[in-house]
Amino acid sequence: MSAPVLQVKNLTKSFKGVVALNDVSFEVRRHEVVGLIGENGAGKSTLLKILSGIYQPDSGEILRNGKKIVFRTVKESAAAGIGMVHQEQSLVTSVTVAENILLGAEGDAVVGGIYNWKVLNRKAQKQLDKIGSPISPTAGVEDLTFAQRQMVELAKALGVEEYTADEPVIVLDEPSSVLEGDELEVLFAQIDRLRQIASVVFVSHRLDEVLRVSDRVYILKDGVCVAERNPETADTDELHRLMVGRESSAEFYREGDQKSVVGADVLLKVDGLSRQKAFSDVSFDVRKGEVVGIAGVLGSGREELTRVLFGAEGCDSGTILLDGTSVRFSSPVGAVAAGFGYIPAERRIEGIAQSMSVQENIFLADSRPVSVGPFMMVNKARQVADEWISRLRIRTPSRNTNINNLSGGNQQKVVLAKWLNSPRLKVLILDHPTRGLDVGAKEDVYTFIRALCDQGIGIVLLADTLEETIALSHSIIVMRDGEIQRRFDAAPGQKPLPVDLVEQMV
Amino acid sequence: MTQTLLTSSPRVIEQIDWKGRAVSILPLAVLVVLVLIVTSQQPNFVGIASVRGLLESMAPILLLALGQMFVILTGGIDLSFAVTASFGTVLLALWIPELGALGVLAMLATTTLIGLINGFVIAKAQIPSFIATLGALGLYSGLGLAISGASTIRISTGYEAIGWITDLRVAQLPLSALLVIVVAIVISVAMRVLASGKSFHAIGLAEKALLMSGGSTVRIRILAFTLCGLFSGLAGVMLAASQRSGGPTLADSLQLPAIAAVVIGGTAITGGVGGAIKTLIGALIIVMLRVGLSAVGVDPSFEQIVYGVVIIAAVVLTIDRSRIGVVK
Amino acid sequence: MTSSPPSLGASVSVSPGVRIKRMLLGGGPLVVLLLLLIFFTFASDTFANPGNISVLLTQLSILLVLGVGLTFVILLGSIDLSAEGVMASSSLVFVLLATNDRNDFQFGILAALAGVLTGSLFGLVNGILHVRLGIPSFMVTLGMGAVGIGIATVLFGGRAPQLLDQGLRSLGVDKVFGVSKLVFLAALVLVIAVLIQRYTRVGRYGYVIGGDEPIARLSGINIKKYKIYSFVLSGTGSGLAGVMAATQLGVGDPTIGLGFLFPAITAVVLGGTLLIGGRGGVLRTLVGAAIITVLANGLILIGVSIYIQTAVQGLVIVIAVVASGWSLRRRVRVIK
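What counts and what doesn't
Residues numbered from 1 in each chain as written. Chains lettered and ligands numbered in written order. Predicted model: local features only at pLDDT ≥ 70, side-chain atom pairs only at ≥ 80, totals over all residues. Heavy atoms only, no water. Helix = DSSP H or I, 4+ residues; strand = E, 2+ residues; numbered from the N terminus. Contact = heavy atoms within 4.5 Å. Areas by Shrake-Rupley, 256 points an atom, 1.4 Å probe, with all protein chains shown as cover. Domains from an automatic or database assignment. Buried area = accessible area lost by both parts, 1.4 Å probe. Salt bridge = Lys/Arg side-chain N within 4 Å of Asp/Glu carboxyl O. Polar contact = N/O pair within 3.5 Å; in protein donor to acceptor, adjacent residues only side chain to side chain. Expected span 1.5 Å × (residues − 1). Buried < 20%, exposed > 50% of the residue type's maximum accessible area, 1.4 Å probe, protein only. Arc of directions from axis to C-beta. Nonpolar A, V, L, I, M, F, W, Y, C, P; charged D, E, K, R; others polar. Pairing = 2+ DSSP bridges. Axes fitted to C-alpha atoms, helices over the stretch in contact; angles between N-to-C directions. Core = buried A, V, L, I, M, F, W, Y, C linked by side-chain atoms within 4.5 Å. Patch = residues over 30% accessible without salt bridge, like charges linked within 9 Å, V, L, I, M, F, W, Y side chains within 5 Å. Lys, Arg positive; Asp, Glu negative; His and termini not counted. Charge placed at Lys NZ, Arg CZ, Asp CG, Glu CD. Parallel < 35°, antiparallel > 145°, perpendicular 65-115°, else oblique. Left-handed = near helix turned anticlockwise from the far one by under 90°.

## Considerations on the overall build of chain A
A tally of regular secondary structure across chain A gives 17 helices and 24 strands. Considering only C-alpha atoms, chain A reaches an extent of 70 × 55 × 45 Å along its principal axes. Considering only contacts in chain A between residues 6 or more positions apart, those separated by 24 or more positions represent 67%. Of the roughly 19,400 Å² of accessible surface on chain A, 48% is carried by carbon and sulfur atoms.

## Details of the domain arrangement of chain A
Residue and element names in this part refer to chain A. Domain boundaries assigned for chain A yield domain 1 (6–244) and domain 2 (255–505). Relative placement of domain 1 and domain 2: their C-alpha centres are 36 Å apart. A combined buried area of about 1,100 Å² lies between domain 1 and domain 2, and 55% of that area is made up of carbon and sulfur atoms. Where domain 1 meets domain 2, there are zero salt bridges. At the junction of domain 1 with domain 2, the criterion picks out zero residue pairs in polar contact (both at pLDDT 80 or more).

## Re helix α2 (residues 28–43) of chain C
All names here are of chain C. Here α2 contains 16 residues, and its C-alpha end-to-end distance of 22 Å stays within 8% of the 22 Å for a straight helix at 1.5 Å per residue. Every buried residue of α2 is accounted for by Gly28, Pro29, Leu33, Leu36 and Phe40. Within α2, the buried residues cover an arc of 135° as seen down the axis, which keeps them to one side. Facing away from the buried side of α2 by over 90 degrees, the exposed positions are Leu35 and Phe42.

## As for the interface of chain C and chain B
A common way to report how large an interface is uses the accessible area buried once the components associate. On the side of chain B, 55 residues touch chain C, which itself brings 54 residues to the contact. Overall, the association of chain C and chain B removes approximately 4,300 Å² of surface from exposure, summing both partners, and the carbon and sulfur fraction of that is 75%. The interface formed by chain C and chain B holds zero residue pairs in polar contact (both at pLDDT 80 or more) in total. Elements with a minimum of two residues in the side of chain C that touches chain B: α5 (109–133), α6 (137–156), α12 (261–271) and α14 (306–325) of chain C. The greatest single-element share of the side of chain C that touches chain B, amounting to 14 residues, is contributed by α6(C). Of the residues assigned to the side of chain C that touches chain B, the class counts are 34 nonpolar, 13 polar and seven charged.

## Considering the sheet that holds strand β18 (residues 340–343) of chain A
All names here are of chain A. Ordered in space as β18-β21-β22-β15-β23-β24, the six strands form an open sheet in which the pairing is mixed. For this open sheet the edge positions go to β18 and β24 (483–489), each flanked by a neighbour on one side alone. Neighbour to neighbour, the strand axes of the sheet diverge by 20° on average, direction disregarded. Pairing geometry for strand β15 (residues 291–295) and strand β22 (residues 458–462), over three bridges, is parallel. Looking at the pairing, Gly293 lines up with Leu461 of β22. Its contacts with the sheet put helix α9 (residues 302–309) on β15, β18, β21 (427–431), β22 and β23 (475–480), and the angle it makes with β22 is roughly 150°. Running at roughly 150° to β22, helix α15 (residues 439–454) makes contact with β15, β21 and β22 of the sheet.

## Things to note about the nonpolar core
Side chains of nonpolar character tend, in soluble globular proteins, to be buried together. Ranked by size, the top nonpolar core spans 183 residues in total, and within it Ile162(B), Phe94(C) and Met139(C) carry the most contacts. Once you skip the residues sitting within four places of it in the chain, Phe94(C) turns out to touch Ala111(C), Ala112(C), Gly115(C), Leu163(C), Leu168(C), Val243(C), Ala246(C) and Thr247(C). Among the nonpolar cores identified, the runner-up in size contains 76 residues, and Leu267(A), Leu305(A), Val308(A) and Cys453(A) belong to it.

## Points about a negative patch on the surface
Taken together, the side chains of Asp271(A), Asp281(A), Asp481(A) and Glu483(A) define an acidic patch exposed on the protein surface. Mapped onto the secondary structure, Glu483(A) falls in strand β24.

## As for the environment of Val171(A)
Residue and element names in this part refer to chain A. Within the fold, Val171 resides in strand β9 (residues 169–173). Distance in space between the C-alpha atoms of Val171 and Gly35 is 10.0 Å, their sequence separation being 136 residues. Sequence-distant contacts of Val171, that is, excluding residues within four places in its chain, are made with Leu48, Ile82, Gly83, Met84, Val85 and Val201.

## Things to note about a nonpolar patch on the surface
The grouping of Phe105(C), Phe107(C), Ile109(C), Leu110(C), Leu113(C) and Leu117(C) at the surface amounts to a nonpolar patch, some 610 Å² of accessible area in total. Relative to the assigned elements, Leu113(C) resides in helix α5.

## So, unusual backbone geometry
Positive phi is not limited to glycine here, since His432(A) has a value of about 50°. A relative accessible area of 2% means that His432(A) is categorised as buried.

## Section: the packing of helix α10 (residues 255–264) of chain B against α6(C)
In a packed pair of helices, the relevant descriptors are the angle between the two axes and the axis-to-axis distance. Two elements in contact, α10(B) and α6(C), have axes separated by 11 Å at closest approach and are oriented at 130°. It follows that α10(B) is oblique to α6(C) by the angle criterion. Every pair of crossing elements has a handedness; the one defined by α10(B) and α6(C) is left-handed. On α6(C), the residues touching Gln255(B), Leu256(B) and Ile259(B) of α10(B) are Met139(C), Leu142(C) and Ala146(C). By residue class, the composition of the contact of α10(B) with α6(C) is five nonpolar, one polar and no charged.

Pasting the structure below:
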């Protein structure tokens, strides 16, 4: 048997000490559709970015037809015959289909900087013909539907064929997430067609789809390739277990500190909340001292839900009751004034105020505890800042240090301090609070979450992994396609299993 | 807070930002060098008369620069500020004969309103400030030219209301210019002691983080442009007083020197870094530059070239490249 | 999509809202132009005279050349505010190298070329400073505009040099078929610009970079190079505009470009080129420039102050950018 068309060997990649990919190996054989599945944060996107030349691996190698290849740019990856269809669409809407398909690779359609439109359109047509698409190369991309644009992306990805004598490898990153119904069928028909002329890597979190189109499936978990399965013998249950199965440690998550909230007052009552194209008719309660975990895959609407709660997005209908009074926010300004806090997933952009000092960050949300009227009590502010630094064990040379110089974990603690410092805080929304943190810093965050509960603060949690969700939450809501699929009680000792959740998620 | 054992995190070592420090000291060094050069060429420069002249020419530039500073701190720019000042002088010349001191207030209210509208449009419609204020520049220069008939209007009746600005002296120095310096110091102190004093900086450095912490970026941004309008009006009053007239293009030539004063003082065009004292130093450099150039025998016609080059060089030195993605 | 078996047709369905917006962007300005022409024909006795039409076309020519150059930069989402300074420098370089009353140079057409290339050089410097040093374009071009005025002031030396080369002078004052020669020059520039936009990498990649710079970068396009080229095109337009103005007035003057920048930007925007980049084109700028010229000429004929027009142009810029950016508003967004 000839060498696989694409082989990844012992790939390792870490970011600032956090391992994203650990010794990952897999192979793609000729005319094969290989499925790649894993939870958010399992390392899929890092792996794809290495394959497309955006990231360089720390170690390990990539073989194409048995020969080692190295690429440092997207172009070099394309030259090796690897074509990408990205999750976020990567077409320029202001130019034509043909220009997009051949962007940066016009070849003899542009001679000496001069366009020959006939040649360009003909070359684009050739790519479109490969997938049997009736879209005209001269059409403007802005006039196409999402599904049509995806076909153009596919045609563009197939363009890498022109660089190599060999058949291309096409990587489809979550191609089905924006499609529905018949559009999905078209995609599957396309993948079947691609199988004749190329090899395909299909990345998705919709397990039934992966099982349906793939010849083999690899499962990634925590940056490790944990298993390889044959779809004909594997079922979704088994894949679920492989994706999330892990020895969860009750101690690690401070489960012992979880206190019952039965009988506690309802702090936040969300009733029938809807936002077009994001989620609909979402209702749940958060009691004082309760952690409500929301589980769901990308596109489940849970991110949008938390942003609506915080006033960063608007909603179409439904009510939010905080302490029994109805609230409606036109921006986060109102939400914070009412007692909401938010720890965003994008810590560097939305969490910390970059280039400002630790102290300035601590008082970013509320400086009233250290001011009299409009004036800042300089000495008191210093004293309070130092208190937070020691209480949260923030590793910083001083309160005046530029926050950019702190590690991710310590930055996150400053963000926590920012909200803890506000006496009006009632509900804290945690959006991936441990993303990118090392194990020690994660443990610290868990400790703080328990402590917050003891103070009677309600917490809405979007966790990094299912274990985290299960272990930290008092109750869990599973969302799917914008609707609440099921609720789980998660009192200590009666925690649901990750598999139970996954079944509802996908 | 429970005192559970917290595991250790990587140790942090204070990194000294040498480049940042050098850039922050540079303006003062430049100023000192300029003063040394000029005094060596013209020993009588330290005399009271030339210091007075220096302060008088600096005052309107500093006022304009202080207003612009608020906007630049938020990461934006107001290209209409000098034209607003010119427009203000025209209004002043038209109103002061009948309204007297009240006319001054009415004019300041108008320029402040102009700033408010600029800020409102930019913050609410979320459009780039340079293009919105470029439009405003056209609008108010056209209006100023139209209502003045494109000519200078002498102020005679009612000049008393603003005459003190040029006449009053303290230790032979113009009181008005000294007051402007005091204003700069007050702003600087206010930014330190007020609880919301760092709000302009915070928008410029981390608008999203401020928003997601419940800060009202809309209000702060509008405030910045409003202050810019107010200070443009004050600069207009000062110019009208010293020229004894209002003119539709009276302050236009100060646009570049005033922006240059802000950036050369060390306020980054990307926003978030800078302050009133830096702007004061910047304004002093700009006026010293003019004096210095003639002291070393450079033809005054080179002045514009120097401003252009200085402004670009200052921007290059102060810009924070790590924080700008796509530069347009 | 309900067709079965599933297929994705090329049938392009566009929502009504998008269609109206598209129409306003596309045909709207042309309709405005026609309405203005009809209005002024009836409102003023002299507007539709052959003489006035010739004046109109002459007024249009310099504005068009300037606007066409500017279009390439605005398509990137950048801006070029240096036009007035560049025109000043190029007019003086041109006049001082052609036959003039200041020195003995007699380079003729080469002098005109030198004037134009002065503009290209400014564009090159603008582009390099903007792209290589990462300075926002408005800042670079504001500074370089001042440098341009400064260089012109130095060359000017207190008295305007007169252009004595009769051949070149005739370009600005003489007419062919009742129309100034400048009009034919501007038409030629427009044709070249359309060809550049349609058939060259600079032109096509301008749309790509202005439309989505990160994708352009991922596609391996040398963004810096093509941005610099676009600035060179804009500078060249300004340079040529300066030379044209000098042939018309017969002098080189630091203030020769005064009052041109504003109408030029307005012309580009009015034509339907978006200030955020990616959409528009030089033919649209022709329509925009024509609207500005007709408006300026017509309003004077019916007795409206020319200064009010500057005010209106300013308002138009603000309204255009508010309108085109309105749908992009978000609650959490960084504005600069």
